[in-house]
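Chain and residue survey
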Amino acid sequence: MTVAEPAPPRAAPPPLAARVRDVGGSAVRDILAVTARPEVINFAGGLPAPELFDRAGIAAAFHAVLEETPAQALQYSTTEGEPALRSGLAARITAQGLPTASDDLLVTTGSQQALSLLATALLEPGDTVLVESPCYLAALQVFGLAGARVVPVPGDEDGVDPDALDDLVARERPKLLYLVPTFQNPTGRTMPAPRREALAAVAARRGLWIVEDDPYGELRYDGERVPWIASCPGAEDRVVLLGSFSKVMAPGLRLGWLRAPAGLRRACAVAKQAVDLHTPSLNQLAAARCLDRLDAHVGKVRAVYGERRDAMLAGLPGALPEGSVWTRPDGGMFLWVRLPDPYDTTALLPRVVEQDVAYVPGAPFYAAAPDRSTLRLCFVTQTPDEITEGLRRLGRGLAR
């Protein structure tokens with residue numbers, strides 16, 4: 001009789017890095033996984049409406065690039081980005097009031113990558129980062145992964161308070177302030193021009209980087225465009241402007257960009273070389289060919305999204321409990337709701353999902369103590385009729 005040899009001892013593999021263990025996943029992604037059923041009217045995601053993608057234009061651009069410049073499109077490229085795209089972007093940014101040259105720009109694989117590159121280039125573990133309250137959720141993830149100490153700056157309906165910022169910079173010595181000043185995620189609010197100028201002045205006086213994230217700025221339905229913080233006096237050498245094609249062209253292209261002073265831009269390019277060498281050449285060249293039709297396309301998207309925003313605003317009074325308040329955004333994709341105390345939107349979500357509708361609870365968007373009565377609604381993905389029905393379901397789910 002043969003006796004089996006005992007199995008050799010096995011040691012456990014080394015543990016995950018602490019920065020990964022300590023940073024949670026995206027609450028939005030988790031909710032989308034739970035609410036993926038087709039019958040659910042999902043106000044939780046930040047997804048552009050797929051029926052509005054310029055499919056014909058994008059397909060024609062890819063076809064032309066592969067027919068005319070296949071070697072360039074399918075080959076490795078420079079880290080900084082394809083010259084045709086950088087040139088077109090620079091002209092577009094300049095036309096919007098911020099003089100920009102091609103060499104001022106770094107093309108990134110979505111603006112989310114731009115934020116990660118900045119964290120790599122600027123932050124050491126333990127450094128302090130200042131943010132809005134509430135704040136874009138994925139930015140909190142990036143800063144957490146970098147090992148930063150994230151501190152919210154007090155503010156009001158116009159955004160970060162300049163006096164509070166000045167006090168915090170003097171006390172905390174932060175590396176950077178992260179902002180989404182136009183149609184902010186999650187609140188939808190827009191910071192007025194005088195407030196932007198005041199923040200730029202604090203950054204100039206105190207020696208602070210401002211990261212100005214602008215993925216939604218072209219999606220304006222009411223009012224006049226507000227100039228970027230990057231164009232304010234004193235901001236020239238300390239504001240990094242981030243942009244994206246995800247909301248105006250297609251998120252699947254994964255194309256973004258950053259505009260930064262030369263030294264920081266070069267540092268981000270070195271960081272990018274270590275991540276992915278460069279953003280896909282084919283996607284960049286196709287997007288460059290779409291730039292001449294982008295304004296017309298964005299105009300069509302604005303018209304549709306504006307109707308959807310209006311449908312949501314019209315339905316909220318009948319869907320929400322008495323005493324609720326919400327933002328009325330001039331553009332973008334989101335609005336922010338605060339239910340009366342003692343509503344807890346995290347605890348209520350399972351009951352709401354039973355009604356085949358979903359939102360994002362507000363708690364994950366806070367760097368410090370959260371307001372648990374808040375929630376975010378995305379209004380661009382559904383038609384007005386679907387929004388109306390979704391709000392009816394939401395009202396049933398919130399009924400006490």
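Read on for an overview of the structure.

Cut-off values and rules
Residues numbered from 1 in each chain as written. Predicted model: local features only at pLDDT ≥ 70, side-chain atom pairs only at ≥ 80, totals over all residues. Heavy atoms only, no water. Helix = DSSP H or I, 4+ residues; strand = E, 2+ residues; numbered from the N terminus. Rg over C-alpha atoms; globule rule 2.2 N^0.38 Å. Buried < 20%, exposed > 50% of the residue type's maximum accessible area, 1.4 Å probe, protein only. Pairing = 2+ DSSP bridges. Polar contact = N/O pair within 3.5 Å; in protein donor to acceptor, adjacent residues only side chain to side chain. Contact = heavy atoms within 4.5 Å. Lys, Arg positive; Asp, Glu negative; His and termini not counted. Salt bridge = Lys/Arg side-chain N within 4 Å of Asp/Glu carboxyl O.

Next up on the list: the overall build of the chain. Within the chain one finds 14 helices and 15 strands. Computed over C-alpha atoms, the radius of gyration of the chain comes to 23 Å, within 12% of the 21 Å expected from 2.2 N^0.38 for 400 residues, which places it in the range of a compact globule. C-alpha atoms of the chain, sized along the principal axes, occupy 85 × 60 × 55 Å. By residue count, 52% of the 400 residues in the chain fall in the buried class.

In space, the four strands of this open sheet follow the order β11-β12-β15-β14, with antiparallel pairing throughout. The open sheet terminates on both sides in strands that have one partner only, identified here as β11 (325-326) and β14 (360-361). With two bridges connecting them, β11 and strand β12 (residues 334-338) associate as antiparallel partners. The residue bridging Val325 from the neighbouring strand is Arg338, located in β12.

This part covers the pairing of strand β3 (residues 128-131). Taking every second residue as pointing to the same face, both faces of β3 are buried, with Thr128 and Leu130 on one and Val129 and Val131 on the other. Sheet analysis places β3 next to strand β7 (residues 176-179), joined by three bridges and oriented parallel. Pairing of Val131 across the sheet is with Tyr178, part of β7.

With that settled, the discussion passes to the side chain of Asp54. Tracing the backbone shows Asp54 in the loop between β1 (41-42) and α3 (55-68). There is a polar contact of 3.1 Å between the side chain of Asp54 and the backbone nitrogen of Gly57. Those residues within four positions of Asp54 in sequence are excluded, and the remaining contacts are Arg293 and His297.

Here Arg376 is to be found in strand β15 (residues 374-378). No salt bridge is formed by the buried Arg376; its nearest oppositely charged neighbour, Asp213, is found at 11 Å. Separated by 2.8 Å, the side chain of Arg376 and the backbone oxygen of Ala44 make a polar contact.

Interpretation in functional terms is not warranted from these geometric data alone.
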